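What follows is the residue order along each chain.
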Amino acid sequence: MMINIMSVPAVCVQVATGFMFVAAAIKPDKLSLKTKITGIVGGIIAGAIVGVGIIAFNGNEFAQIAAEVIVITILSSFLLHTGYRMCLFLAFFYEIAAGLGRFIVGAGLAIALMDYKYMDANVAAGQIAVWIVCVAAIAVVAWILLKKDENKKNSRTFIIVIMLLFFSIITIGSQERLEIPQDTVYMWTIFTACLFAGILIFSMNKQYEVEKKLAQVNAEQAELLEKEYTELNNAYATNAKLFHDFHNHIGMIRKLVTGGKYDETVAYLDELQAPVKELTDSKWTGDDTIDYLINGKIASANEHSIDMQVQVEYPRHANIKSVDMCAIIGNLIDNALEAAKQVSNKDKRFIRLTIRRINQMLVIKVENSFEAELRSENGQLKTTKKEGGIHGWGIKSVRAAVEKYDGTVQMAREDMVFKAVATLSFQGIE
């Protein structure tokens, strides 16, 4: 079927909507307003070029579909910083769904009004089906964006819709009111089955990615807990050694006191207390686990000539779990330590940890001196560490912990200072 100039506006809308569909499927919660506007404007321009080009070269509907798939794939891959394979996969099935919709609506109007012209996109009557599908596509994309946190429910809804489309194809093929070519019906029946399989494959892939990320986040949290446990165990080992040598120390202290050597006695006691003093002196939150973590990070900062300042206002009775706070604070400070250590001028090395309560919100801010270059991938900051393993999952671990409390994590660099801010909602408990 040849296309004419009347199809060009619909092609523009279809390409722009196709980009938004791909973007909503891949990154429903990471689309900036700039990306949306750029994608829509770029889709309209690209769609106009495709429509005019197809007309100029006397192309047919299938050439138009192929061109739209290619343009949507290139536009999505470029603006979303995503591999072209997934974009091509989604663009292809989007075009199948759009074509299927045009056929069903056009055939339905033709059967109801006993006129084949409603199936011909080259005439004004045929454009009715085209624009009904365009409006429906816009509504579906908007629905996906609004329901971005309900992927499983979205998949089930799409499967139900495809089943309805399948039964519509069967009904069109079996009705006797208006003769529809059986070859066309068979072709769209096969495409409907392909569309059904595509949604199942995409849903399984999304579930696999979620489980993979969850496993990696859990691994990062386990590494953090293991590291803190090792440090705590070392502190306990130090105490155990002190206890083991307790009778010897008591004997030495008794000897110094009876000899009137009081200054030497005080110095000896200070020496005994030094190994654990730095980990137990300061109380920041009232939670022993979190306080130990903060004190341990302060000790690590001191070892690398990093000035670490801490200001804490922490709710005493809240539903925030210690393990989540340790994951947030530990990972943010670890990243800050890694960056501050790379500052060549030791006098400019610093870390500032600020925890503030604002009504029922808890704000955790970590600032640090910074010299290294930032790296990003798919719009997300990447680790600057060169070694492999699960490094780089620290921020993902922070996000996972923050999301439990309907919170957010924001990061920015201002001059030579890097800032990470985690915001959590909490509830008071008795």
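Rules behind the numbers
- Residues numbered from 1 in each chain as written.
- Predicted model: local features only at pLDDT ≥ 70, side-chain atom pairs only at ≥ 80, totals over all residues.
- Heavy atoms only, no water.
- Salt bridge = Lys/Arg side-chain N within 4 Å of Asp/Glu carboxyl O.
- Helix = DSSP H or I, 4+ residues; strand = E, 2+ residues; numbered from the N terminus.
- Buried < 20%, exposed > 50% of the residue type's maximum accessible area, 1.4 Å probe, protein only.
- Pairing = 2+ DSSP bridges.
- Axes fitted to C-alpha atoms, helices over the stretch in contact; angles between N-to-C directions.
- Contact = heavy atoms within 4.5 Å.
- Phe/Tyr/Trp six-rings, centres within 6.5 Å; stacked < 30°, edge-to-face > 60°.
- Polar contact = N/O pair within 3.5 Å; in protein donor to acceptor, adjacent residues only side chain to side chain.
- Patch = residues over 30% accessible without salt bridge, like charges linked within 9 Å, V, L, I, M, F, W, Y side chains within 5 Å.
- Areas by Shrake-Rupley, 256 points an atom, 1.4 Å probe, with all protein chains shown as cover.

Notes on the pattern of salt bridges
Line of reasoning, step 1. Per the counting criterion, the structure on display carries five salt bridges.
Line of reasoning, step 2. In this structure, the salt-bridge partner of Asp324 is Lys404, at a minimum N-O distance of 3.1 Å. With a gap of 80 residues between them, Asp324 in helix α11 (residues 322-340) and Lys404 in the loop between α12 (394-403) and β6 (408-414) connect regions that are remote in the sequence.
Line of reasoning, step 3. Since its relative accessible area comes to 53%, Lys404 is described here as exposed.
Line of reasoning, step 4. For Lys341, the salt bridge goes to Glu338, with nearest N and O atoms at 4.0 Å.
Line of reasoning, step 5. Residue Lys341 is classed as partly exposed on the basis of its relative accessible area of 32%.
Line of reasoning, step 6. By relative accessible area, Glu338 is classed as partly exposed at 29%.

Side note on the sheet that holds strand β7 (residues 417-425)
Line of reasoning, step 1. Reading across from one edge, β1-β2-β3-β7-β6 is the order of the five strands in this open sheet, with mixed pairing throughout. Edge strands, defined here as strands with exactly one partner in the open sheet, are β1 (307-312) and β6. Here the average twist between neighbouring strands, direction ignored, is 10 degrees.
Line of reasoning, step 2. Note: strand β3 (residues 361-369) against β7, nine bridges, orientation antiparallel. Bridging across to β7, Glu367 finds its partner in Lys419.
Line of reasoning, step 3. α11 rests against β1, β2 (350-358), β3 and β7 of the sheet, and its axis sits at about 15 degrees to β3.

Regarding the packing of aromatic side chains
Line of reasoning, step 1. One pass over the full model with this rule turns up seven aromatic pairs.
Line of reasoning, step 2. Ring centres of Phe103 and Trp188 lie 6.0 Å apart, and the angle between their planes is 20 degrees; this geometry places the pair in the stacked category. Pair noted here: Phe103 is in helix α4 (residues 84-113) and Trp188 is in helix α7 (residues 182-244), with a separation of 85 residues, a long-range link. In this structure, Phe103 and Trp188 share a single accessibility class: buried.
Line of reasoning, step 3. By the ring-pair criterion, three or more aromatic residues cluster together here, those being Phe89, Phe92 and Phe93.

Regarding the side chain of Gln175
Line of reasoning, step 1. Here Gln175 shows up in the loop between α6 (151-174) and α7.
Line of reasoning, step 2. Of the polar contacts made by the side chain of Gln175, one reaches the backbone oxygen of Leu178; its length is 2.4 Å.
Line of reasoning, step 3. In contact with Gln175, other than residues within four places in its own chain, are Ile111 and Ile180.

Some words on a nonpolar patch on the surface
Line of reasoning, step 1. Side chains of Leu33, Ile37, Val41, Ile45 and Ile49 sit close together on the surface and give an oily, nonpolar patch of about 500 Å² of accessible area.
Line of reasoning, step 2. One can find Ile37 in helix α2 (residues 33-56).

Some details on the pairing of β6
Line of reasoning, step 1. Across seven bridges, the pairing between β6 and β7 is antiparallel. Within β7, the position partnered with Gln410 by the bridge is Val421.
Line of reasoning, step 2. Counting the residues that bridge the hairpin from β6 to β7 gives two residues, and of these Asp415 lies at a positive phi of roughly 55 degrees.

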